[in-house]
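# Descriptive structure summary
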Amino acid sequence: MMGKLDITALPSPTVRPSQRLDSVPLSGIRKLFDLVTPETVNLGIGEPDFQPPAEALEGLSQACKKGHNKYGPTNGIPPLRKAVAEYSQRYNADLEEGNVIITPSGTSALMTIMQAFVDPGDEILMPNPGFVVYKPHIMLAGGVPVEYSLTPGDFEPQIESIMESIGPRTKAIVVNSPSNPTGGVISAETRRALGDIAKDKGLMIISDEVYDRFIYEGEHHSFLDQLEDCIVVNAFSKSMAATGWRMGYAISNTGAIDEMGKMQYHMTACPNTPMQFGLLNAMPTIERFLQEMVPVFDKRRKLIAKRIDAIPGFEMQMPKGSFYAFPSYDAEISSGDLAMMLVKDGLVCTPGSAFGSAGEGHLRFSYANSEENIEKGMDILERVAAKL
Ligand SMILES: Cc1ncc(COP(=O)(O)O)c(C=O)c1O
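Residues numbered from 1 in each chain as written. Predicted model: local features only at pLDDT ≥ 70, side-chain atom pairs only at ≥ 80, totals over all residues. Heavy atoms only, no water.

### Some remarks on the overall build of the protein
Counting its regular elements, the protein contains 14 helices and 14 strands. Here the protein has a C-alpha radius of gyration of 21 Å; the compact-globule value for 388 residues is 21 Å, and the two agree. With the C-alpha coordinates aligned to their principal axes, the bounding extent of the protein is approximately 70 × 55 × 50 Å. Taken over 388 residues, the protein has a buried fraction of 53%. Taking all contacts inside the protein whose residues are at least 6 apart in sequence as the whole, residues at least 24 apart take part in 76%. About 17700 Å² of surface is accessible on the protein, with carbon and sulfur atoms providing 53% of the total. Of the side-chain charges in the protein, 35 are positive and 48 negative, and the distance between the mean point of each set is 6 Å. (Helix = DSSP H or I, 4+ residues; strand = E, 2+ residues; numbered from the N terminus. Rg over C-alpha atoms; globule rule 2.2 N^0.38 Å. Buried < 20%, exposed > 50% of the residue type's maximum accessible area, 1.4 Å probe, protein only. Contact = heavy atoms within 4.5 Å. Areas by Shrake-Rupley, 256 points an atom, 1.4 Å probe, with all protein chains shown as cover. Lys, Arg positive; Asp, Glu negative; His and termini not counted. Charge placed at Lys NZ, Arg CZ, Asp CG, Glu CD.)

### Quick notes on the packing of aromatic side chains
Enumeration over the complete set of coordinates arrives at 14 aromatic pairs. Note on Phe50 and Phe297: the rings are 5.9 Å apart at their centroids and 75° apart in plane angle, and the pair reads as edge-to-face. On the criterion of sequence distance, the pair formed by Phe50 in the loop between β1 (41-42) and α3 (54-65) and Phe297 in helix α12 (residues 286-309) is long-range, its members being 247 residues apart. Given a relative accessible area of 0%, Phe297 falls into the buried group. Ring centres 5.1 Å apart and planes at 50° place the aromatic pair Phe323 and Tyr324 in the tilted group. Here Phe323 matches Tyr324 in class, with each residue buried. Through successive ring pairs, a cluster of aromatic residues spans Phe50, Tyr211, Phe214, Phe297, Phe323 and Tyr324. Sitting over the ring of Tyr91, Arg90 keeps its end group 5.9 Å from the ring centre. Lying over the aromatic face of Phe223, Arg191 brings its terminal NZ or CZ to 4.2 Å of the ring centre. (Phe/Tyr/Trp six-rings, centres within 6.5 Å; stacked < 30°, edge-to-face > 60°. Lys NZ or Arg CZ within 6 Å of the ring centre and 35° of its normal.)

### Section: the sheet that holds strand β2 (residues 100-103)
Sheet strands line up and pair through hydrogen bonds in the backbone, either parallel or antiparallel. An order of β2-β8-β7-β6-β5-β3-β4 is seen for the seven strands of this open sheet, with the pairing classed as mixed. With one partner strand each, in any of the chains shown, β2 and β4 (144-149) form the two edges of the open sheet. Put simply, the sheet's adjacent strands are angled 25° from each other on average, direction ignored. Packed on one face of the sheet, helix α5 (residues 106-117) meets β2, β5 (170-176), β6 (204-208), β7 (230-235) and β8 (248-251) and runs near 155° to β7. Relative to β2, helix α10 (residues 254-268) is tilted by about 25°, and along the sheet it contacts β2, β7 and β8. (Pairing = 2+ DSSP bridges. Axes fitted to C-alpha atoms, helices over the stretch in contact; angles between N-to-C directions.)

### Section: the side chain of Thr112
Mapped onto the fold, Thr112 is located in helix α5. What makes Thr112 buried here is its relative accessible area of 2%. Within the local environment of Thr112, its side chain forms a polar contact with the backbone oxygen of Ser108, the two atoms lying 2.8 Å apart. Among all residues touching Thr112, those that are not within four sequence positions of it are Met260, Met263, Gln264 and Met267. (Polar contact = N/O pair within 3.5 Å; in protein donor to acceptor, adjacent residues only side chain to side chain.)

### As for the environment of Met204
Assignment of secondary structure puts Met204 in strand β6. When the C-alpha atoms of Met204 and Leu227 are compared, they prove to be 9.7 Å apart, with 23 residues separating the residues in sequence.

### Topic: unusual backbone geometry
With an omega of 5°, the peptide bond between Asn128 and Pro129 qualifies as cis. As for its placement among the helices and strands, Pro129 is situated in the loop between β3 (123-128) and α6 (134-140). A cis amide bond links Asn180 with the next residue in sequence, Pro181, at an omega value of 20°. Of note, Pro181 is situated in the loop between β5 and α8 (188-201). One non-glycine residue, Ser105, lies in the positive phi region at around 105°.

### Re the pattern of salt bridges
In total, this model carries 19 salt bridges according to the counting rule given. Between Asp49 and Arg300 there is a salt bridge, with its nearest N and O atoms 3.0 Å apart. Of this pair, Asp49 sits in the loop between β1 and α3 while Arg300 is found in helix α12, placing the two residues 251 residues apart along the sequence. Look at Asp49 and you get partly exposed, because its relative accessible area is 38%. On the basis of relative accessibility, which here comes to 6%, the residue Arg300 falls in the buried class. Between Glu371 and Lys299 there is a salt bridge, with its nearest N and O atoms 3.1 Å apart. Residue Glu371 is located in helix α14 (residues 371-386), and its partner Lys299 is located in helix α12; the two are separated by 72 residues in the primary sequence. Relative accessible area serves as the criterion here: at 34%, Glu371 is assigned to the partly exposed category. Given the relative accessible area of 53%, Lys299 is considered exposed. Beyond isolated ion pairs, a larger network of salt bridges with shared partners links Glu217, Asp298, Arg301 and Lys302. (Salt bridge = Lys/Arg side-chain N within 4 Å of Asp/Glu carboxyl O.)

### A look at the site of the ligand
Close contacts around the ligand come from 14 residues, with Thr107, Asp208, Tyr211, Ser237 and Lys238 the closest. One of the backbone nitrogen or oxygen atoms of Gly106 is found 2.8 Å away from an oxygen atom of the ligand. Elements that contribute at least two residues to the shell around the ligand include exactly α5 and α9 (236-239). Grouping the constituent residues of the shell around the ligand by class yields five nonpolar, six polar and three charged. (Near = heavy atom within 4 Å. Nonpolar A, V, L, I, M, F, W, Y, C, P; charged D, E, K, R; others polar.)

### With respect to α14
The end-to-end C-alpha distance of α14 is 22 Å, a good match for the 22 Å that 16 residues give at a rise of 1.5 Å each. Here the buried face of α14 lies against β1, α12, β9 (314-315), α13 (335-344), β12 (347-348) and β14 (363-366). (Expected span 1.5 Å × (residues − 1).)

By themselves, these are just geometric observations and shouldn't be taken as functional.
Here it is, written out as structure tokens:
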């Protein structure tokens, strides 16, 4: 008889990760979050402090009661796909239901794209600094992440850096505007240049537009009008303040959507059925919801920018979109150590290094939080900065 096994001992010699998974580091910010207490001001997390629209909550509840609790179509329920196509026609009037796949989150849309379109050894260009999942998702598909730089200050993709990085194995370019973590928004000129590169070099663009409605200056330049070369990722997480619902979508040509559907079937069979009915019920009122939420964020953006500007050694261009401030600081301390100092004083933010090597020397603050918390957080930042 064997003795009682210790199931808390890690790592197990038998239940061990694939080399693929082993090659991907765990998020570097977990240590920080371990130090959070209920009193900590949390400007670390990227989610709206609003609740989803009442119509979404009511639609979800009704869907469950009416029996919409079963498997649904792999690419999402047709009326929601159609509603998303119509909602997105602001960028391309030809969009139809067949151009849309509903996914269980923006993250899963990105993962499905990488699994569906990247072969081992394919090089995928991605921004540095950039959203934390791009690199691991590329690597988990066997691809090779190749980072491109952003322009200083306004954080636009640097076209020369992209051109220099393109080689015979390049398959795709990941673009993210408005950006997490920088708050940068691409100009019409950059949008055009990227579209031309895709055409000239035969590359695919994976455009992450989850913050497309969070624009405070200028306008959003979508890739939805070039769907022969592009897949656009979006999510209800931010636009419906429903991060916990895990619902997103991707839009592309119908061929690409079919391929994604094939992969999505094997990953999850279908997106969550009652959630889709909930969102469907809120689609007719989404504009009203956004008109309430986005101006509140704009006010907070101005507040946090004013507070950061007044701190000696901190510098930032006004973010134009998303809901993050990404200031640089002038001190001999890593962003990880500085974030750790801040959390000990009661403020959580995200070290810039979590978003890539070019994020070092920056901190990311989410301003999707109350003005009161932003003021408290900035008081702490001011105090800690004075000690540097
Ligand atoms: C740029 C960007 N893309 C995608 C996502 C993923 O969104 P979701 O919560 O729907 O997975 C996020 C979430 O923070 C994000 O910031």
